[in-house]
Amino acid sequence: MVASAQPIPAGYDDVRPVLLAGALGECVHVAGVHAVMRMAQQHGWQTVFLGPAVPVTTFVAAIAEHQPALVALSYRLTPQTGEALLCSFRELVVAEGLSKYRFCFGGTPPVVQRARGLGWIEACFDGTEPPEKLADYLRGGVSEVLQTRYAETFQTRVTAAYPRPLLRHHFGRPTVAATIEGVAEIAASNALDVISLGTDQDAQENFFHPERQDLRRAGAGGVPVRSAEDFSQIYRASRVGNFPLIRTYAGTSDLIRLAQLYQDTIKNAWCAVPLFWFNAMDGRGPMPLEQSIRARQETMAWHGARGIAVELNEPHHWGMRDAPDVVFCAASFLAAYNARSYGVTDYIAQFMFNSPPGTSDAMDLAKMLACLDLIEPLSEGVERPFRIYRQTRTGLLSYPTDLAQARGQLAASVYLQMALRPHVVHVVGFSEADHEATSADIVEGCGIARRAIDNALHGQPDPTYDPAVRARREQLVMETKYLLDQIAQLAPASVEDPWADAATLARAVQLGLMDAPQLRSNPFGRGHITTGIVGGACVALDPASGRPTSEAERLRTLATVLL
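Figured I'd write up the structure that's included with this text. Predicted model, so just to flag it, every value in this text is computed and none were measured.

## Points about the packing of aromatic side chains
- Applying the stated criterion to the full structure yields 16 aromatic pairs.
- Taken together, a centroid distance of 5.8 Å and an interplanar angle of 85 degrees make the contact between Phe-89 and Phe-103 edge-to-face. Of this pair, Phe-89 sits in helix H3 (residues 79-95) while Phe-103 sits in strand E4 (residues 103-107); the two residues are 14 residues apart in sequence, bridging distant segments of the chain.
- Its relative accessible area of 0% is what places Phe-89 among the buried residues.
- Between Phe-103 and Trp-120 the ring centres are 5.5 Å apart and the planes differ by 85 degrees, which places this aromatic pair in the edge-to-face class. Here the residue Phe-103 occupies a position in strand E4, and Trp-120 occupies one in the loop between helix H4 (109-116) and strand E5 (123-125), the gap between them amounting to 17 residues.
- Overall, Phe-103 belongs to the buried group, its relative accessible area being 1%.
- Clustering of aromatic rings is evident, with ring pairs tying together Phe-59, Phe-89, Phe-103 and Trp-120.
- A cation over a ring is seen here: Arg-257 above Phe-208, with NZ or CZ 3.8 Å from the ring centre.
- Here the basic side chain of Lys-367 rests over the ring of Phe-328, its NZ or CZ set 4.2 Å away from the ring centre.

This is how it looks when you write it as C-alpha coordinates:
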(Lines give C-alpha, C1' and ligand atoms only; values in the text may rest on other atoms or scores of the structure.)
Protein backbone atom coordinates (compact mmCIF):
# COMPACT_ATOMS: atom_id res chain seq x y z
CA MET A 1 0.00 0.00 0.00
CA VAL A 2 1.37 3.41 -0.88
CA ALA A 3 1.37 6.45 1.32
CA SER A 4 -1.68 8.69 1.30
CA ALA A 5 -1.66 11.91 -0.73
CA GLN A 6 0.73 14.49 0.65
CA PRO A 7 -0.14 18.21 0.77
CA ILE A 8 0.93 20.12 -2.33
CA PRO A 9 3.88 22.36 -1.36
CA ALA A 10 3.30 26.08 -0.95
CA GLY A 11 3.47 27.89 -4.26
CA TYR A 12 3.14 24.68 -6.23
CA ASP A 13 -0.59 25.10 -6.74
CA ASP A 14 -0.03 27.69 -9.46
CA VAL A 15 1.86 25.27 -11.69
CA ARG A 16 -0.21 22.15 -11.29
CA PRO A 17 0.43 19.73 -14.14
CA VAL A 18 -2.29 19.12 -16.69
CA LEU A 19 -3.89 15.74 -17.34
CA LEU A 20 -5.61 15.59 -20.74
CA ALA A 21 -8.14 12.76 -20.96
CA GLY A 22 -10.82 11.36 -23.21
CA ALA A 23 -12.22 8.29 -24.97
CA LEU A 24 -10.66 7.78 -28.38
CA GLY A 25 -12.35 7.09 -31.72
CA GLU A 26 -15.89 5.78 -31.58
CA CYS A 27 -15.76 4.75 -27.89
CA VAL A 28 -18.39 6.53 -25.79
CA HIS A 29 -17.60 4.86 -22.42
CA VAL A 30 -16.20 7.57 -20.16
CA ALA A 31 -17.13 6.50 -16.61
CA GLY A 32 -13.60 5.22 -16.12
CA VAL A 33 -12.11 8.40 -17.55
CA HIS A 34 -14.11 10.48 -15.07
CA ALA A 35 -12.98 8.26 -12.19
CA VAL A 36 -9.34 8.75 -13.18
CA MET A 37 -9.81 12.52 -13.42
CA ARG A 38 -11.39 12.66 -9.96
CA MET A 39 -8.46 10.77 -8.51
CA ALA A 40 -5.99 12.95 -10.40
CA GLN A 41 -7.59 16.10 -8.99
CA GLN A 42 -7.24 14.68 -5.48
CA HIS A 43 -3.52 14.29 -6.12
CA GLY A 44 -2.76 17.75 -7.44
CA TRP A 45 -3.55 17.69 -11.14
CA GLN A 46 -5.51 20.06 -13.33
CA THR A 47 -7.70 18.03 -15.67
CA VAL A 48 -8.99 18.69 -19.16
CA PHE A 49 -11.73 16.36 -20.37
CA LEU A 50 -12.16 16.05 -24.14
CA GLY A 51 -15.26 13.88 -23.92
CA PRO A 52 -16.43 10.61 -25.49
CA ALA A 53 -15.72 9.47 -29.05
CA VAL A 54 -12.90 11.95 -29.69
CA PRO A 55 -11.46 11.76 -33.23
CA VAL A 56 -7.73 11.16 -33.49
CA THR A 57 -7.14 14.55 -35.12
CA THR A 58 -9.05 16.38 -32.37
CA PHE A 59 -7.15 14.56 -29.64
CA VAL A 60 -3.76 15.34 -31.16
CA ALA A 61 -4.68 19.00 -31.69
CA ALA A 62 -5.65 19.22 -28.00
CA ILE A 63 -2.23 17.92 -27.02
CA ALA A 64 -0.58 20.72 -28.96
CA GLU A 65 -2.93 23.28 -27.40
CA HIS A 66 -2.79 22.24 -23.74
CA GLN A 67 0.76 20.80 -23.58
CA PRO A 68 -0.25 18.34 -20.85
CA ALA A 69 2.10 16.59 -18.47
CA LEU A 70 0.17 13.40 -19.13
CA VAL A 71 -2.27 12.22 -21.81
CA ALA A 72 -4.84 9.64 -20.67
CA LEU A 73 -6.39 7.64 -23.52
CA SER A 74 -9.34 5.29 -23.15
CA TYR A 75 -10.90 2.70 -25.46
CA ARG A 76 -13.22 -0.12 -24.38
CA LEU A 77 -14.48 -1.72 -27.61
CA THR A 78 -13.02 -4.36 -29.97
CA PRO A 79 -9.31 -5.10 -29.31
CA GLN A 80 -8.35 -5.21 -32.99
CA THR A 81 -10.06 -1.89 -33.70
CA GLY A 82 -8.52 -0.34 -30.63
CA GLU A 83 -5.03 -1.39 -31.64
CA ALA A 84 -5.47 0.05 -35.15
CA LEU A 85 -6.82 3.29 -33.69
CA LEU A 86 -3.88 3.64 -31.32
CA CYS A 87 -1.47 3.06 -34.21
CA SER A 88 -3.16 5.82 -36.22
CA PHE A 89 -3.02 8.09 -33.17
CA ARG A 90 0.69 7.42 -32.74
CA GLU A 91 1.47 8.13 -36.38
CA LEU A 92 -0.17 11.55 -36.16
CA VAL A 93 1.50 12.32 -32.82
CA VAL A 94 4.91 11.63 -34.35
CA ALA A 95 4.08 13.58 -37.50
CA GLU A 96 3.11 16.62 -35.41
CA GLY A 97 6.28 16.42 -33.31
CA LEU A 98 4.43 15.59 -30.11
CA SER A 99 6.05 12.27 -29.23
CA LYS A 100 7.85 13.85 -26.24
CA TYR A 101 4.60 13.74 -24.24
CA ARG A 102 3.71 10.99 -21.79
CA PHE A 103 0.81 8.66 -22.50
CA CYS A 104 -1.20 6.24 -20.36
CA PHE A 105 -4.09 4.05 -21.40
CA GLY A 106 -7.18 2.50 -19.84
CA GLY A 107 -9.53 -0.09 -21.27
CA THR A 108 -10.79 -3.63 -20.95
CA PRO A 109 -8.16 -6.36 -20.36
CA PRO A 110 -8.14 -7.55 -24.03
CA VAL A 111 -7.64 -4.01 -25.34
CA VAL A 112 -4.99 -3.26 -22.72
CA GLN A 113 -3.11 -6.39 -23.75
CA ARG A 114 -2.88 -5.00 -27.31
CA ALA A 115 -1.95 -1.52 -26.05
CA ARG A 116 0.91 -2.82 -23.91
CA GLY A 117 2.45 -4.47 -26.94
CA LEU A 118 2.78 -1.18 -28.85
CA GLY A 119 5.76 -0.04 -26.80
CA TRP A 120 5.11 3.71 -26.53
CA ILE A 121 2.44 3.84 -23.80
CA GLU A 122 3.95 4.48 -20.38
CA ALA A 123 1.32 2.74 -18.23
CA CYS A 124 -1.83 0.71 -18.90
CA PHE A 125 -4.74 0.02 -16.57
CA ASP A 126 -7.45 -2.57 -17.20
CA GLY A 127 -9.49 -2.23 -14.00
CA THR A 128 -8.07 -5.28 -12.27
CA GLU A 129 -5.43 -3.26 -10.41
CA PRO A 130 -5.97 -2.15 -6.82
CA PRO A 131 -6.91 1.55 -6.61
CA GLU A 132 -3.61 2.25 -4.87
CA LYS A 133 -1.65 1.39 -8.01
CA LEU A 134 -3.31 4.15 -10.04
CA ALA A 135 -3.07 6.56 -7.11
CA ASP A 136 0.64 5.83 -6.78
CA TYR A 137 1.12 6.41 -10.51
CA LEU A 138 -0.70 9.74 -10.38
CA ARG A 139 1.18 10.88 -7.30
CA GLY A 140 4.49 10.09 -8.95
CA GLY A 141 3.45 12.11 -11.97
CA VAL A 142 2.74 15.36 -10.13
CA SER A 143 6.28 16.21 -9.07
CA GLU A 144 9.32 14.66 -7.51
CA VAL A 145 8.36 16.32 -4.23
CA LEU A 146 5.17 14.25 -4.21
CA GLN A 147 6.69 10.91 -5.16
CA THR A 148 6.21 8.13 -2.62
CA ARG A 149 7.50 4.66 -2.12
CA TYR A 150 6.03 1.66 -0.47
CA ALA A 151 6.38 1.88 3.29
CA GLU A 152 8.72 -0.66 4.85
CA THR A 153 7.14 -0.90 8.32
CA PHE A 154 3.71 -1.98 9.42
CA GLN A 155 3.03 1.25 11.29
CA THR A 156 3.81 3.56 8.37
CA ARG A 157 2.02 1.44 5.79
CA VAL A 158 -1.16 0.97 7.79
CA THR A 159 -1.34 4.66 8.71
CA ALA A 160 -0.93 5.66 5.08
CA ALA A 161 -3.66 3.29 3.90
CA TYR A 162 -6.40 3.78 6.50
CA PRO A 163 -9.44 3.68 6.29
CA ARG A 164 -8.67 1.11 3.61
CA PRO A 165 -7.31 -1.91 5.49
CA LEU A 166 -4.11 -3.67 4.56
CA LEU A 167 -4.68 -7.12 3.08
CA ARG A 168 -2.77 -10.03 4.52
CA HIS A 169 -2.74 -13.67 3.37
CA HIS A 170 -1.02 -16.83 4.59
CA PHE A 171 1.33 -18.56 2.13
CA GLY A 172 3.87 -21.35 2.28
CA ARG A 173 4.46 -24.20 -0.15
CA PRO A 174 6.02 -27.60 0.69
CA THR A 175 9.39 -26.55 -0.78
CA VAL A 176 11.48 -23.40 -0.53
CA ALA A 177 11.76 -23.17 -4.33
CA ALA A 178 7.99 -23.30 -4.83
CA THR A 179 7.49 -20.73 -2.07
CA ILE A 180 9.99 -18.34 -3.65
CA GLU A 181 8.22 -18.66 -6.99
CA GLY A 182 4.80 -18.11 -5.42
CA VAL A 183 5.92 -15.12 -3.35
CA ALA A 184 7.27 -13.45 -6.48
CA GLU A 185 3.97 -14.04 -8.30
CA ILE A 186 1.92 -12.68 -5.40
CA ALA A 187 4.11 -9.59 -5.00
CA ALA A 188 4.03 -8.84 -8.72
CA SER A 189 0.22 -9.00 -8.71
CA ASN A 190 -0.08 -6.12 -6.20
CA ALA A 191 -2.88 -8.20 -4.66
CA LEU A 192 -2.01 -7.83 -1.00
CA ASP A 193 0.13 -5.87 1.43
CA VAL A 194 1.40 -8.51 3.85
CA ILE A 195 2.50 -12.06 3.06
CA SER A 196 2.27 -14.25 6.17
CA LEU A 197 4.98 -16.80 5.63
CA GLY A 198 3.72 -20.15 6.86
CA THR A 199 6.65 -22.27 8.02
CA ASP A 200 6.56 -25.96 8.91
CA GLN A 201 6.76 -27.35 12.43
CA ASP A 202 10.51 -28.02 12.40
CA ALA A 203 11.17 -24.45 11.27
CA GLN A 204 9.21 -23.17 14.26
CA GLU A 205 10.49 -25.63 16.85
CA ASN A 206 13.86 -26.98 15.72
CA PHE A 207 15.36 -24.36 13.41
CA PHE A 208 18.53 -24.11 15.48
CA HIS A 209 18.58 -27.86 16.23
CA PRO A 210 18.98 -29.79 12.97
CA GLU A 211 19.64 -32.96 14.94
CA ARG A 212 16.02 -32.85 16.14
CA GLN A 213 14.49 -32.28 12.71
CA ASP A 214 12.49 -35.06 11.08
CA LEU A 215 13.03 -35.31 7.32
CA ARG A 216 9.78 -37.24 6.94
CA ARG A 217 7.68 -34.24 7.99
CA ALA A 218 9.59 -31.56 6.08
CA GLY A 219 7.12 -29.20 4.42
CA ALA A 220 4.11 -30.50 6.34
CA GLY A 221 1.95 -27.50 7.11
CA GLY A 222 4.30 -24.92 5.63
CA VAL A 223 7.57 -24.11 3.91
CA PRO A 224 10.62 -26.03 5.26
CA VAL A 225 13.00 -23.11 5.76
CA ARG A 226 16.23 -24.45 7.20
CA SER A 227 18.70 -21.56 6.91
CA ALA A 228 18.91 -17.80 7.10
CA GLU A 229 19.55 -17.79 3.35
CA ASP A 230 16.21 -19.54 2.77
CA PHE A 231 14.46 -16.66 4.51
CA SER A 232 16.57 -14.07 2.65
CA GLN A 233 15.77 -15.59 -0.74
CA ILE A 234 12.06 -15.52 0.02
CA TYR A 235 12.33 -11.87 1.06
CA ARG A 236 14.26 -10.92 -2.08
CA ALA A 237 11.57 -12.57 -4.21
CA SER A 238 8.99 -10.23 -2.66
CA ARG A 239 10.81 -7.05 -3.74
CA VAL A 240 8.68 -6.52 -6.83
CA GLY A 241 5.17 -5.20 -7.48
CA ASN A 242 3.97 -3.37 -4.38
CA PHE A 243 6.83 -4.70 -2.21
CA PRO A 244 4.60 -6.48 0.33
CA LEU A 245 5.67 -6.77 3.93
CA ILE A 246 6.61 -10.25 5.16
CA ARG A 247 5.82 -11.69 8.58
CA THR A 248 5.98 -15.11 10.14
CA TYR A 249 5.22 -16.97 13.37
CA ALA A 250 7.20 -16.36 16.55
CA GLY A 251 8.03 -20.07 16.79
CA THR A 252 7.73 -22.51 19.66
CA SER A 253 11.29 -22.59 21.02
CA ASP A 254 14.36 -20.33 20.88
CA LEU A 255 11.92 -17.46 20.46
CA ILE A 256 14.38 -14.58 20.89
CA ARG A 257 16.95 -16.11 18.54
CA LEU A 258 14.22 -16.60 15.95
CA ALA A 259 12.99 -13.03 16.42
CA GLN A 260 16.46 -11.67 15.66
CA LEU A 261 16.80 -13.97 12.65
CA TYR A 262 13.48 -12.74 11.26
CA GLN A 263 14.51 -9.11 11.58
CA ASP A 264 17.83 -9.80 9.89
CA THR A 265 16.33 -11.68 6.95
CA ILE A 266 12.70 -10.77 6.20
CA LYS A 267 12.33 -7.56 8.24
CA ASN A 268 9.47 -9.26 10.08
CA ALA A 269 6.52 -6.86 9.78
CA TRP A 270 5.22 -7.77 13.21
CA CYS A 271 5.54 -10.47 15.82
CA ALA A 272 2.72 -13.04 15.84
CA VAL A 273 2.70 -14.84 19.18
CA PRO A 274 0.04 -16.54 21.33
CA LEU A 275 -0.30 -16.35 25.09
CA PHE A 276 -1.71 -19.76 26.10
CA TRP A 277 -1.06 -21.85 22.96
CA PHE A 278 1.60 -23.46 20.72
CA ASN A 279 3.11 -25.56 23.47
CA ALA A 280 2.64 -28.97 25.06
CA MET A 281 -1.02 -28.18 25.77
CA ASP A 282 -1.97 -28.27 22.07
CA GLY A 283 0.93 -30.42 20.88
CA ARG A 284 2.43 -27.63 18.76
CA GLY A 285 5.48 -26.95 20.89
CA PRO A 286 7.69 -28.53 23.55
CA MET A 287 7.15 -26.19 26.51
CA PRO A 288 4.77 -26.86 29.40
CA LEU A 289 2.05 -24.24 29.80
CA GLU A 290 3.49 -21.94 32.47
CA GLN A 291 6.96 -21.93 30.92
CA SER A 292 5.41 -21.21 27.52
CA ILE A 293 3.48 -18.21 28.87
CA ARG A 294 6.68 -16.76 30.34
CA ALA A 295 8.56 -17.27 27.08
CA ARG A 296 5.81 -15.46 25.18
CA GLN A 297 5.90 -12.58 27.65
CA GLU A 298 9.66 -12.28 27.14
CA THR A 299 9.11 -12.30 23.36
CA MET A 300 6.59 -9.47 23.64
CA ALA A 301 9.07 -7.46 25.71
CA TRP A 302 11.86 -8.02 23.15
CA HIS A 303 9.74 -6.69 20.31
CA GLY A 304 8.26 -3.87 22.37
CA ALA A 305 11.73 -2.61 23.25
CA ARG A 306 12.51 -2.36 19.53
CA GLY A 307 9.28 -0.67 18.48
CA ILE A 308 8.09 -3.71 16.54
CA ALA A 309 4.34 -4.29 16.46
CA VAL A 310 2.98 -7.40 18.18
CA GLU A 311 -0.09 -9.49 17.41
CA LEU A 312 -1.39 -12.02 19.90
CA ASN A 313 -3.16 -14.64 17.79
CA GLU A 314 -4.94 -15.77 20.93
CA PRO A 315 -8.75 -15.63 21.38
CA HIS A 316 -9.64 -17.57 18.24
CA HIS A 317 -7.70 -20.58 19.49
CA TRP A 318 -10.26 -20.79 22.27
CA GLY A 319 -13.13 -20.28 19.84
CA MET A 320 -11.83 -23.00 17.52
CA ARG A 321 -11.99 -25.37 20.49
CA ASP A 322 -15.66 -24.50 21.18
CA ALA A 323 -14.97 -22.27 24.18
CA PRO A 324 -17.91 -20.02 25.11
CA ASP A 325 -17.93 -16.44 23.95
CA VAL A 326 -17.11 -15.22 27.46
CA VAL A 327 -13.84 -17.17 27.50
CA PHE A 328 -13.08 -15.88 23.99
CA CYS A 329 -13.54 -12.31 25.23
CA ALA A 330 -11.47 -12.93 28.35
CA ALA A 331 -8.64 -14.30 26.20
CA SER A 332 -8.83 -11.20 24.02
CA PHE A 333 -8.48 -8.94 27.05
CA LEU A 334 -5.68 -10.96 28.65
CA ALA A 335 -3.74 -10.95 25.38
CA ALA A 336 -3.92 -7.17 25.05
CA TYR A 337 -3.26 -6.67 28.75
CA ASN A 338 -0.09 -8.75 28.62
CA ALA A 339 1.12 -6.98 25.49
CA ARG A 340 0.79 -3.63 27.24
CA SER A 341 2.29 -4.95 30.47
CA TYR A 342 5.40 -6.20 28.65
CA GLY A 343 6.18 -3.00 26.78
CA VAL A 344 4.37 -3.32 23.46
CA THR A 345 3.38 0.07 22.04
CA ASP A 346 1.79 -1.06 18.76
CA TYR A 347 -0.65 -3.90 19.35
CA ILE A 348 -2.53 -5.80 16.66
CA ALA A 349 -5.74 -7.24 18.08
CA GLN A 350 -6.99 -10.17 16.04
CA PHE A 351 -10.70 -10.88 15.60
CA MET A 352 -11.49 -14.19 13.94
CA PHE A 353 -15.11 -14.28 12.86
CA ASN A 354 -17.14 -17.46 12.25
CA SER A 355 -15.52 -19.32 15.12
CA PRO A 356 -16.88 -21.66 16.25
CA PRO A 357 -18.93 -22.53 13.16
CA GLY A 358 -22.65 -22.01 13.72
CA THR A 359 -22.18 -18.60 15.30
CA SER A 360 -24.60 -16.12 13.73
CA ASP A 361 -23.42 -12.87 12.17
CA ALA A 362 -25.22 -10.81 14.81
CA MET A 363 -23.77 -12.69 17.77
CA ASP A 364 -20.35 -12.85 16.12
CA LEU A 365 -20.29 -9.09 15.73
CA ALA A 366 -21.51 -8.60 19.30
CA LYS A 367 -18.64 -10.77 20.56
CA MET A 368 -16.04 -8.74 18.65
CA LEU A 369 -17.51 -5.45 19.83
CA ALA A 370 -17.41 -6.71 23.41
CA CYS A 371 -13.73 -7.54 22.95
CA LEU A 372 -13.11 -3.99 21.75
CA ASP A 373 -15.03 -2.57 24.70
CA LEU A 374 -12.75 -4.54 27.02
CA ILE A 375 -9.40 -3.75 25.40
CA GLU A 376 -9.74 -0.19 24.14
CA PRO A 377 -9.60 1.35 27.67
CA LEU A 378 -6.09 -0.15 27.95
CA SER A 379 -4.82 2.63 25.67
CA GLU A 380 -6.14 5.36 27.96
CA GLY A 381 -4.27 7.04 30.81
CA VAL A 382 -0.95 5.25 30.28
CA GLU A 383 2.53 6.75 30.31
CA ARG A 384 3.72 4.78 27.29
CA PRO A 385 1.61 4.78 24.13
CA PHE A 386 -0.47 1.67 23.54
CA ARG A 387 -1.89 1.88 20.05
CA ILE A 388 -4.45 -0.77 19.10
CA TYR A 389 -4.86 -1.89 15.48
CA ARG A 390 -7.85 -4.03 14.57
CA GLN A 391 -7.21 -7.09 12.42
CA THR A 392 -10.16 -9.18 11.27
CA ARG A 393 -10.31 -12.54 9.51
CA THR A 394 -12.69 -15.22 8.34
CA GLY A 395 -12.86 -18.42 10.39
CA LEU A 396 -11.07 -21.21 8.56
CA LEU A 397 -13.60 -23.82 9.69
CA SER A 398 -16.48 -21.83 8.17
CA TYR A 399 -15.49 -22.60 4.58
CA PRO A 400 -17.50 -25.28 2.71
CA THR A 401 -15.73 -27.62 0.31
CA ASP A 402 -17.78 -26.24 -2.60
CA LEU A 403 -15.49 -23.52 -3.94
CA ALA A 404 -18.29 -21.34 -5.30
CA GLN A 405 -19.93 -21.28 -1.88
CA ALA A 406 -16.54 -20.75 -0.23
CA ARG A 407 -15.99 -17.63 -2.34
CA GLY A 408 -19.38 -16.38 -1.22
CA GLN A 409 -18.48 -17.05 2.41
CA LEU A 410 -15.28 -15.04 2.05
CA ALA A 411 -17.09 -12.04 0.55
CA ALA A 412 -19.91 -12.12 3.12
CA SER A 413 -17.56 -12.51 6.06
CA VAL A 414 -15.25 -9.68 4.98
CA TYR A 415 -18.21 -7.37 4.43
CA LEU A 416 -19.41 -8.06 7.99
CA GLN A 417 -15.90 -7.54 9.34
CA MET A 418 -15.85 -4.05 7.90
CA ALA A 419 -18.29 -3.02 10.64
CA LEU A 420 -15.21 -3.00 12.92
CA ARG A 421 -13.38 -0.64 10.53
CA PRO A 422 -10.31 -2.88 10.59
CA HIS A 423 -6.76 -1.73 9.94
CA VAL A 424 -5.86 -5.17 8.55
CA VAL A 425 -8.01 -7.82 6.91
CA HIS A 426 -6.49 -11.27 7.02
CA VAL A 427 -7.85 -12.87 3.86
CA VAL A 428 -8.15 -16.56 4.68
CA GLY A 429 -7.83 -18.81 1.63
CA PHE A 430 -11.30 -19.74 0.37
CA SER A 431 -9.90 -22.97 -1.08
CA GLU A 432 -8.57 -24.37 2.19
CA ALA A 433 -11.42 -26.85 2.75
CA ASP A 434 -10.59 -28.35 -0.65
CA HIS A 435 -6.89 -27.65 -1.22
CA GLU A 436 -4.01 -25.52 0.01
CA ALA A 437 -4.15 -22.03 -1.47
CA THR A 438 -1.96 -21.48 -4.51
CA SER A 439 -0.63 -18.09 -5.53
CA ALA A 440 -3.50 -17.85 -8.04
CA ASP A 441 -6.03 -18.65 -5.30
CA ILE A 442 -4.52 -15.96 -3.12
CA VAL A 443 -4.70 -13.30 -5.82
CA GLU A 444 -8.32 -14.25 -6.50
CA GLY A 445 -9.24 -14.29 -2.81
CA CYS A 446 -7.72 -10.85 -2.27
CA GLY A 447 -9.74 -9.57 -5.23
CA ILE A 448 -12.94 -10.91 -3.67
CA ALA A 449 -12.07 -9.33 -0.33
CA ARG A 450 -11.13 -6.03 -1.94
CA ARG A 451 -14.51 -5.75 -3.63
CA ALA A 452 -16.33 -6.41 -0.35
CA ILE A 453 -14.16 -3.76 1.31
CA ASP A 454 -14.82 -1.24 -1.44
CA ASN A 455 -18.56 -1.79 -1.13
CA ALA A 456 -18.43 -1.29 2.64
CA LEU A 457 -16.30 1.86 2.44
CA HIS A 458 -18.71 3.28 -0.11
CA GLY A 459 -21.45 3.36 2.54
CA GLN A 460 -22.13 0.30 4.66
CA PRO A 461 -25.17 0.29 6.97
CA ASP A 462 -24.03 0.18 10.58
CA PRO A 463 -25.03 -3.19 12.08
CA THR A 464 -23.59 -2.28 15.48
CA TYR A 465 -26.88 -0.50 16.28
CA ASP A 466 -28.91 -3.71 15.96
CA PRO A 467 -30.70 -4.11 19.33
CA ALA A 468 -29.80 -7.80 19.58
CA VAL A 469 -26.14 -7.01 18.90
CA ARG A 470 -26.09 -4.26 21.53
CA ALA A 471 -27.79 -6.40 24.17
CA ARG A 472 -25.42 -9.33 23.67
CA ARG A 473 -22.43 -6.98 23.60
CA GLU A 474 -23.33 -5.53 26.99
CA GLN A 475 -24.01 -8.96 28.46
CA LEU A 476 -20.63 -10.28 27.30
CA VAL A 477 -18.74 -7.34 28.78
CA MET A 478 -20.43 -7.86 32.15
CA GLU A 479 -19.88 -11.63 32.17
CA THR A 480 -16.26 -11.32 31.02
CA LYS A 481 -15.42 -8.81 33.73
CA TYR A 482 -16.76 -11.27 36.30
CA LEU A 483 -14.56 -14.05 34.91
CA LEU A 484 -11.50 -11.81 34.84
CA ASP A 485 -12.10 -10.81 38.45
CA GLN A 486 -12.24 -14.48 39.45
CA ILE A 487 -8.98 -15.16 37.62
CA ALA A 488 -7.29 -12.31 39.48
CA GLN A 489 -8.42 -13.79 42.80
CA LEU A 490 -6.46 -16.98 42.06
CA ALA A 491 -3.18 -15.17 42.67
CA PRO A 492 -1.56 -15.07 46.11
CA ALA A 493 -1.36 -11.69 47.82
CA SER A 494 2.31 -11.37 46.89
CA VAL A 495 1.47 -11.13 43.17
CA GLU A 496 0.98 -7.48 42.26
CA ASP A 497 -0.42 -8.01 38.76
CA PRO A 498 -2.30 -11.32 38.46
CA TRP A 499 -3.42 -10.84 34.84
CA ALA A 500 0.23 -10.55 33.76
CA ASP A 501 1.50 -13.35 36.01
CA ALA A 502 2.34 -16.56 34.16
CA ALA A 503 1.64 -18.80 37.17
CA THR A 504 -1.80 -17.27 37.73
CA LEU A 505 -2.71 -17.54 34.05
CA ALA A 506 -1.61 -21.17 33.91
CA ARG A 507 -3.59 -21.91 37.04
CA ALA A 508 -6.72 -20.35 35.46
CA VAL A 509 -6.45 -22.93 32.68
CA GLN A 510 -5.61 -25.83 34.96
CA LEU A 511 -8.59 -25.14 37.22
CA GLY A 512 -11.00 -24.59 34.34
CA LEU A 513 -11.75 -20.88 34.60
CA MET A 514 -10.30 -20.55 31.12
CA ASP A 515 -11.79 -23.67 29.58
CA ALA A 516 -12.94 -25.29 26.35
CA PRO A 517 -14.61 -28.65 25.67
CA GLN A 518 -11.70 -29.81 23.55
CA LEU A 519 -9.35 -29.54 26.53
CA ARG A 520 -10.94 -32.60 28.09
CA SER A 521 -8.30 -35.19 29.14
CA ASN A 522 -5.58 -32.58 28.60
CA PRO A 523 -2.85 -32.63 31.27
CA PHE A 524 -2.64 -28.83 31.26
CA GLY A 525 -6.33 -27.93 30.87
CA ARG A 526 -9.57 -29.13 32.35
CA GLY A 527 -12.21 -29.57 29.64
CA HIS A 528 -14.99 -29.66 32.22
CA ILE A 529 -17.12 -27.08 30.40
CA THR A 530 -20.06 -27.92 28.12
CA THR A 531 -20.97 -25.45 25.39
CA GLY A 532 -23.45 -25.09 22.55
CA ILE A 533 -24.83 -22.60 20.04
CA VAL A 534 -27.97 -20.96 21.44
CA GLY A 535 -29.58 -18.11 19.54
CA GLY A 536 -26.47 -17.87 17.38
CA ALA A 537 -24.10 -17.42 20.35
CA CYS A 538 -21.67 -19.92 21.83
CA VAL A 539 -22.58 -20.25 25.50
CA ALA A 540 -21.77 -22.40 28.48
CA LEU A 541 -24.45 -25.00 29.24
CA ASP A 542 -25.47 -26.71 32.43
CA PRO A 543 -24.34 -30.34 31.83
CA ALA A 544 -27.44 -31.80 33.50
CA SER A 545 -30.24 -29.66 32.05
CA GLY A 546 -28.59 -28.37 28.86
CA ARG A 547 -29.76 -24.82 29.59
CA PRO A 548 -27.47 -21.78 29.20
CA THR A 549 -25.67 -20.82 32.39
CA SER A 550 -24.08 -17.58 33.58
CA GLU A 551 -20.40 -17.32 34.50
CA ALA A 552 -21.31 -17.07 38.18
CA GLU A 553 -23.29 -20.32 37.94
CA ARG A 554 -20.59 -22.05 35.90
CA LEU A 555 -17.81 -21.13 38.29
CA ARG A 556 -19.87 -22.11 41.34
CA THR A 557 -20.43 -25.53 39.78
CA LEU A 558 -16.75 -25.74 38.94
CA ALA A 559 -15.77 -24.87 42.52
CA THR A 560 -18.02 -27.68 43.77
CA VAL A 561 -16.36 -30.14 41.40
CA LEU A 562 -12.88 -29.00 42.43
CA LEU A 563 -13.73 -29.47 46.09
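## Concerning the sheet that holds strand E11 (residues 346-352)
- With respect to topology, 8 strands assemble into an open sheet ordered E8-E7-E6-E13-E12-E11-E10-E9, the strand pairing being parallel. Because the sheet does not close on itself, it has two edges, and the strands there are strand E8 (245-248) and strand E9 (271-272).
- For strand E12 (residues 387-393) and strand E13 (residues 424-427), the ladder comprises 3 bridges, and the chain directions are parallel. Bridge assignment links Gln-391 to a residue of E13, and that residue is Val-424.

## Describing helix H9 (residues 228-237)
- Turning to H9, its buried residues number three or more, namely Asp-230, Phe-231, Ser-232, Ile-234, Tyr-235 and Ala-237.
- Packed against the buried residues of H9 are helix H7 (176-189), strand E7 (194-197), E8 and helix H10 (255-265).

Cut-offs applied
Residues numbered from 1 in each chain as written. Predicted model: local features only at pLDDT ≥ 70, side-chain atom pairs only at ≥ 80, totals over all residues. Heavy atoms only, no water. Phe/Tyr/Trp six-rings, centres within 6.5 Å; stacked < 30°, edge-to-face > 60°. Helix = DSSP H or I, 4+ residues; strand = E, 2+ residues; numbered from the N terminus. Buried < 20%, exposed > 50% of the residue type's maximum accessible area, 1.4 Å probe, protein only. Lys NZ or Arg CZ within 6 Å of the ring centre and 35° of its normal. Pairing = 2+ DSSP bridges. Contact = heavy atoms within 4.5 Å.

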